[in-house]
Amino acid sequence: MLMISAAMIMHGRSADNDRKMDRFIDGLMEKMSVEEKIGQLNLPTAPSDIITGPARESDIAGLISKGQIGGLFNISNAAKAREIQELAVNSGHGIPLLFGLDVIHGQKTVFPIPLGLSATWDPDAIERMARISAIEASAMGINWTYSPMVDISHDARWGRVAEGSGEDPYLGSRIAEAYIRGYQGDLTDDDEILACVKHYALYGAADAGRDYTASDMSRYRMFNWYMEPYKAAVDAGAASVMSAFQQVEGVPCALNRFLLTDVLREKWGFDGFVVADYNAVGEAVNHGMGSLEEVSARALKAGLDMDMVTGGYVGTLGKALKDGLIREEDIDKACRRILEAKYRLGLFDDPYRFCDTENPEDKIFTPEHRAEARKIAAESFVLLKNDGILPLDRKARIAVVGLLADDKANMLGCWTVGADKDSPVTVLEGIRSAVADPSAVSYSRGSNLFYDPDMDRVSRNQGKDVDRDPRDAGEMVAEAVEAAKQADVVVAVLGEAAEMSGESASRVDLTIPDAQRDLLKELAKTGKPVVLVLCTGRPLVLDWESENVDAILNIWFPGTEAGLAVADVLFGDVNPSGRLTMSFPRHSGVMPFYYNEVPNGRPTDGRWVKYASCYMDTDWTALYPFGYGLSYTSFAYSEPVVEKAAYSLICEDGKYGLDSPVRVSVTITNTGKRAGTETVQLYVRDMAGSVGRPLRELKGFEKVALRPGESRTVEFTLTADDLSFYTQSLDRIVEPGEFSVMTGGSSSDVKTAGFIIK
Ligand code: NOJ
């Protein structure tokens, strides 16, 4: 067993520490056999009830003692982690294990789903969320989270949009950096854990939005629309990257040398390790790439360091070496990267640093964490419509309707393996706790999720099943309608169940499930004001709802403090400030759909015109566009002012600069009667390019809190980088010419100015 002198080894990044690390790892690897090196590349799951893919059996203790495991997936208990770590430390070379888990939007304290988090447009809040997640996860033995997911998606049919930050690469990049800062810090404290950027790459562009299908596209599109958030996370110091399941350019991502080596390592300089997604190496056999030995060898050579769950590496790389499919240096390279991550995490210093079993409750689900979750949840809600009924009067008689109003587990959303399913505050509880007289708040369920009992299966996973009410549909609706008639206002909490988005949850029909939608129609017929509180993990089609209900508050899936945060906003203690990060379409058939598209030769305003770019049967423009969201107050924008009319472009050694940054200022005034926060957005259009340039691209945003009547001038600074794009040959360039700059409160409500680059 290797003797490691505690506290002798400094982790953290510096040239000096890197030299020490290299010496340490050289020494260690000299002593390791090929089998032990291959062992470091193996990441099985611990036997557990947490399953995120097809289950696989393995004798973990046996594998650890033979040095055949580099990390373990699924442990979330500090005592258990300590016990397993002891096994590793006391066998072979005593190399400690990584303990990885999906800590996605909170561990015990659950925050809104990532799509909701992105709607805060508040990277600082997301960093705080990630910090709290790391504190809670590390107190439970976890030292590596499979987060953030930074996949851009243009397709709301794909259920995993719930786990991402929407459709925009600029916002997605700022958010990606925030997650990394929050989880990792500088990896020197015992509550800073490794992040894992996923799913590299282009997973969000799955064909037709069907999970796991190929996502193919030109490199021009790949780099201009999809790649930036991965790169931003890498630049922010992400310690690991997870390769995606699907094929890109005909090669599964886990085997894709262009992605894993040419771009990630050589172009972007990534020096962490790459792990495959769950069983992705094994699934390359299903992709028709050859035998398990062949795909494993190919993955290793492509640049994939760690095999999650398949056992392909540990089972076949030894033979592949003998068969000449790989070289020992391929194994060494991958092994070194994993050992480096362990070193940087401080595990060689103290293998038990994340296994502190003393008072974990002081760090988990604390009142401070819950208060932060409540605040961030309220900040994530997007007010889509308000005819003036919101905020509600606390003395009103309220009919709360809908199965999701009285549901705890579904408030957690789709990715919360560590949370207690009964921990959330329901919307009904939240409303009752906020009103003057709780008995003035009635509750009726109103419907099941869908009419068809078979469709209820979409809610079944991870203890979030929506129970079925055996009553007749008409009887349930009649009860809700009667309650509505007795009330001053109806709050209908409807939408998707949590498991209708997330992994393996693609949908083609993006409307509210049928039974609930019909219920809403009956409630509207009562003539009582109806507030739709919408639960969803994706943009939905809300054409009927937008015309027929009085207010729509989109709450996504808000997490453990759901009901309290909803009450904060419904009763006006918090003025809603969330903004959409994915466009809401008018019809499911318009997918893929996104605001930053390139011009075409036959534009329309959305309506049908023969021989123009449109649909015969729907207006194709967004019902609620990217960047959109209302407030209980109103804001007025001045015209944007660009400091200078023209700027000179400087290009030296392929690097672009401007003679001075482009400064754009705009003044925003709160013209309403309440204090509120506006998300001021800046978009740019390069008016003529050698390749298609988007009609508008987000290049800046700032949240501004304003009292009634107050004005503030916001100044944005654009650099050459903000004006650059990738050409067909993947050079990142800036072209001289005319640029438009647009400022406003949503991508489709802007005022425009311009400047020239000479
Ligand atoms: C599959 C998912 O695609 C990925 O996001 C997750 O991290 C792994 N399973 C592990 O649970």
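Position labels on residues start from 1 in each chain and follow its written sequence. With the structure being a predicted model, the display of local features is reserved for residues of pLDDT at least 70 and the display and counting of side-chain atom pairs for 80 or more, all residues being used for whole-chain, interface and lining totals. With hydrogens and water stripped out, all remaining heavy atoms of the structure feed into the side-chain values.

Colleague: An account of the pairing of strand β3 (residues 98-101) is needed here, citing residue identities and associated values.
Modeller: Residue alternation in β3 divides its side chains into two sets, L98 and G100 and F99 and L101, and both sets are buried. When DSSP finds two or more bridges between a pair of strands, those strands are recorded as paired. Numbering of helices and strands starts at the N terminus; helices are DSSP runs of H or I of at least 4 residues and strands are runs of E of at least 2. With 3 bridges joining them, strand β2 (residues 71-73) and β3 adopt parallel strand pairing. Residue F73 lies in a different strand from β3, and its bridge partner there is G100. Here, the term right-handed applies to a crossover whose path from the first strand over the helix to the second runs clockwise when the strands point away from the viewer. For the segment spanning β2, helix α4 (residues 78-89) and β3, crossover handedness is right-handed. In this structure, β3 lies alongside strand β4 (residues 144-145), joined through 2 bridges in parallel fashion. Looking across to β4, one finds that L101 is bridged to T145. Using a 1.4 Å probe on the protein chains alone, a residue whose accessible area is under 20% of its type maximum counts as buried, one over 50% counts as exposed, and one in between counts as partly exposed.

Colleague: Summarise the environment of I38; cite the residues concerned and give the values.
Modeller: Following the sequence through the fold, I38 ends up in helix α2 (residues 34-40). Along the sequence, I38 and D18 sit 20 residues apart, while their C-alpha atoms lie 23 Å from each other. Here, two residues are considered to be in contact whenever any of their heavy atoms come within 4.5 Å of each other. Residues contacting I38, with those up to four places away along its chain left out, are Y313, V314, L317, G318 and I331.

Colleague: Summarise the domain arrangement of the protein; cite the residues concerned and give the values.
Modeller: An automatic or database domain assignment provides the domain bounds reported here. On domain assignment, one finds that the protein holds domain 1 (6-32 + 44-254 + 271-276 + 331-360), domain 2 (369-590) and domain 3 (635-757). Spacing between the C-alpha centres of domain 1 and domain 2 amounts to 32 Å. Each partner contributes residues to the interface: domain 1 has 48 residues there, and domain 2 has 43 residues. Two parts placed together each lose some accessible area under a 1.4 Å probe, and adding up what both lose gives the buried area. For the pair domain 1 and domain 2, the summed buried area comes to about 3600 Å², and 60% of that belongs to carbon and sulfur atoms. Any pair of nitrogen or oxygen atoms within 3.5 Å is treated as a polar contact; in protein, a donor-acceptor pairing is required on top of that, and neighbouring residues in sequence qualify only through side-chain atoms on both sides. The tally of links between domain 1 and domain 2 comes to 25 residue pairs in polar contact (both at pLDDT 80 or more). Elements supplying a minimum of two residues to the side of domain 1 that touches domain 2: α5 (114-118) and α6 (123-138). Ranked by residues supplied to the side of domain 1 that touches domain 2, first place goes to α6 with 6 residues. Grouping the constituent residues of the side of domain 1 that touches domain 2 by class yields 22 nonpolar, 13 polar and 13 charged. Under the convention adopted here, Pro, Cys and the residues Ala, Val, Leu, Ile, Met, Phe, Trp and Tyr are nonpolar, Asp, Glu, Lys and Arg are charged, and Gly plus all remaining residues are polar.

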